[in-house]
Amino acid sequence: GAGVSQSPSNKVTEKGKDVELRCDPISGHTALYWYRQRLGQGLEFLIYFQGNSAPDKSGLPSDRFSAERTGESVSTLTIQRTQQEDSAVYLCASGRPWLAGVTGELFFGEGSRLTVL
Amino acid sequence: QQPVQSPQAVILREGEDAVINCSSSKALYSVHWYRQKHGEAPVFLMILLKGGEQKGHEKISASFNEKKQQSSLYLTASQLSYSGTYFCGTAFDSGNTGKLIFGQGTTLQVKP
């Protein structure tokens with residue numbers, strides 16, 4: 001496809017279960033970001049991948065959260081032992097470097113809506 | 001580290017102008033503006049690099065004041081299609097300039 005693809009689009013899980021969210025970025029985009037958006041709130045930075053560099057994990061809220069990326073392709077965000085406060089839309093975005101290390105236009109996926117009961 | 005946007009919300013009539021501000025407590029390297037319509041993904045508007053430039057096209061433009069560590073988004077002669085939530089994303093002048101931290105958003109509603 002031409003855009004950023006995320007799956008699942010909706011996920012309902014029980015408290016304590018693990019979930020895995022997937023992001024397929026646009027081909028050729030070396031930068032990949034994960035953000036969390038709670039209902040009516042802003043975009044909360046989680047993690048940033050750039051090419052083969054070590055990812056910037058400074059936004060991950062706890063050690064229950066982890067993310068991986070295979071080369072410059074698919075990324076998965078894993079949340080272990082989910083809690084109700086994890087309920088949110090998880091957005092993935094990809095882009096190309098623009099100037100002097102700055103990422104250019106980001107293309108966002110439609111998000112994965114996670115509901116933890 | 002999160003930039004602060006103001007106002008939090010604004011209501012306009014078609015044809016009116018609006019300014020949305022984005023301020024940071026840390027030195028900025030770049031500012032990125034996005035608009036998100038309800039139930040949709042954010043969409044890119046523009047990027048500004050430090051240097052105080054102003055960018056834009058038609059009726060949406062932005063400025064970046066490096067000394068004040070802030071950026072402003074200008075919407076002139078607003079249209080109904082401008083309604084949505086506007087986010088500024090900031091990359092800081094130290095550390096990883098690719099890392100984007102977004103503000104909490106400014107909700108803009110344009111009425112007929």
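Reading guide: rules and limits
Residue positions within a chain follow its written sequence, with the count starting from 1. A letter from A marks each chain and a number from 1 marks each ligand, given out in the order of writing. Where totals are concerned, whole chains, interfaces and linings use all residues; where local detail is concerned, this predicted model gives features only for residues with pLDDT of at least 70, and gives and counts side-chain atom pairs only at 80 or more. Note: side-chain values were computed over all heavy atoms of the structure, leaving out hydrogens and water. The numbering of helices and of strands both runs from the N terminus, where a helix is a DSSP run of H or I of at least 4 residues and a strand a run of E of at least 2. Computation of the radius of gyration draws on C-alpha atoms, with the globule rule given as 2.2 Å multiplied by the number of residues to the power 0.38. Type-normalised accessible area, obtained with a 1.4 Å probe on protein chains alone, sets the label of each residue: buried when under 20%, exposed when over 50%, and partly exposed for intermediate values. It only takes one pair of heavy atoms within 4.5 Å for two residues to be counted as in contact. Each accessible area is a Shrake-Rupley result for a 1.4 Å probe, and residues are judged covered by the shown protein chains and nothing else. Positive charges come from Lys and Arg, negative ones from Asp and Glu, while His and the chain ends are left out of the count. Where a charge lies is defined by one atom per residue type, namely NZ (Lys), CZ (Arg), CG (Asp) and CD (Glu). Here, the term disulfide refers to a pair of cysteine sulfur atoms separated by no more than 2.5 Å. By buried area we mean how much accessible surface two parts lose on assembly, using a 1.4 Å probe and totalling the loss over both. Criterion for a salt bridge: a side-chain nitrogen of Lys or Arg within 4 Å of a carboxyl oxygen of Asp or Glu. Whenever two N or O atoms come within 3.5 Å, that pair is a polar contact, provided that in protein one can donate a hydrogen and the other can accept it, and provided that, for residues adjacent in sequence, both atoms are side-chain atoms. Three residue categories are used. Nonpolar comprises Ala, Val, Leu, Ile, Met, Phe, Trp, Tyr, Cys and Pro, charged comprises Asp, Glu, Lys and Arg, and polar comprises the others, including Gly.

Caption draft 1: Representation of the overall build of chain B. Assigned secondary structure in chain B consists of zero helices and 11 strands. For chain B, the α and β elements follow one another from N to C terminus as β-β-β-β-β-β-β-β-β-β-β. Here the C-alpha radius of gyration of chain B, 13 Å, is about what a compact globule of 112 residues would show, namely 13 Å. Expressed as lengths along the three principal axes of its C-alpha atoms, the size of chain B is roughly 45 × 25 × 20 Å. Looking at chain B residue by residue over its 112 residues, the buried ones come to 48%. Residue pairs in contact within chain B that sit at least 24 positions apart in sequence constitute 57% of those at least 6 positions apart. If you sum the accessible surface of chain B, you get close to 5,300 Å²; carbon and sulfur atoms cover 48% of it. In chain B, the 11 positive side-chain charges and the 8 negative ones have mean positions that sit 5 Å from each other.

Caption draft 2: Representation of the state of the cysteines within the structure. Per the stated rule, a full pass over the model turns up two disulfides over all chains. In this model, Cys23 of chain A is linked to Cys92 of chain A through a disulfide, with the two sulfur atoms separated by 1.9 Å. The disulfide joining Cys23 of chain A to Cys92 of chain A has a torsion of about -65° about its S-S bond and is therefore left-handed. With Cys23 of chain A in strand β3 (residues 19-24) and Cys92 of chain A in strand β8 (residues 88-95), the pair connects residues that are 69 residues apart, well separated along the chain. Neither residue differs from the other here; Cys23 of chain A and Cys92 of chain A are each classed as buried. Note that Cys22 of chain B is cross-linked by a disulfide to Cys88 of chain B, the S-S spacing being 2.0 Å.

Caption draft 3: Fine view of unusual backbone geometry. A cis amide bond links Ser7 of chain A to the next residue, Pro8 of chain A, at an omega of -10°. Inspection of the secondary structure puts Pro8 of chain A in the loop between β1 (5-7) and β2 (10-13). Geometrically, the link from Ser6 of chain B to Pro7 of chain B is a cis peptide bond, its omega value of -5° lying close to zero. When you line up the elements, Pro7 of chain B lands in the loop between β1 (4-6) and β2 (9-13). In this structure, Arg81 of chain A is a non-glycine residue whose phi angle is positive, near 45°. Of note, Ala77 of chain B is a non-glycine position whose phi angle comes to about 45°, a positive value. Here Ala77 of chain B shows up in the loop between β8 (70-75) and β9 (84-92). Given a relative accessible area of 29%, Ala77 of chain B falls into the partly exposed group.

Caption draft 4: Representation of the interface of chain B and chain A in the model. Between chain B and chain A, the residue contacts involve 20 residues of the former and 23 residues of the latter. Together, the buried faces of chain B and chain A total about 1,800 Å²; carbon and sulfur atoms form 63% of this surface. Sorting the residues of chain B by area buried against chain A places Pro42, Lys99 and Phe102 of chain B first, and these three jointly supply 24% of that buried surface. Our count for the chain B to chain A interface comes out at one salt bridge. In this assembly, chain B and chain A are joined by five residue pairs in polar contact (both at pLDDT 80 or more). Mapped by element, the contributors of at least two residues to the side of chain B that touches chain A are β4 (28-36), β5 (43-49) and β10 (101-102) of chain B. For the side of chain B that touches chain A, the element with the highest residue contribution is β4 of chain B, accounting for five residues. For the side of chain B that touches chain A, the class distribution of residues is 11 nonpolar, eight polar and one charged.

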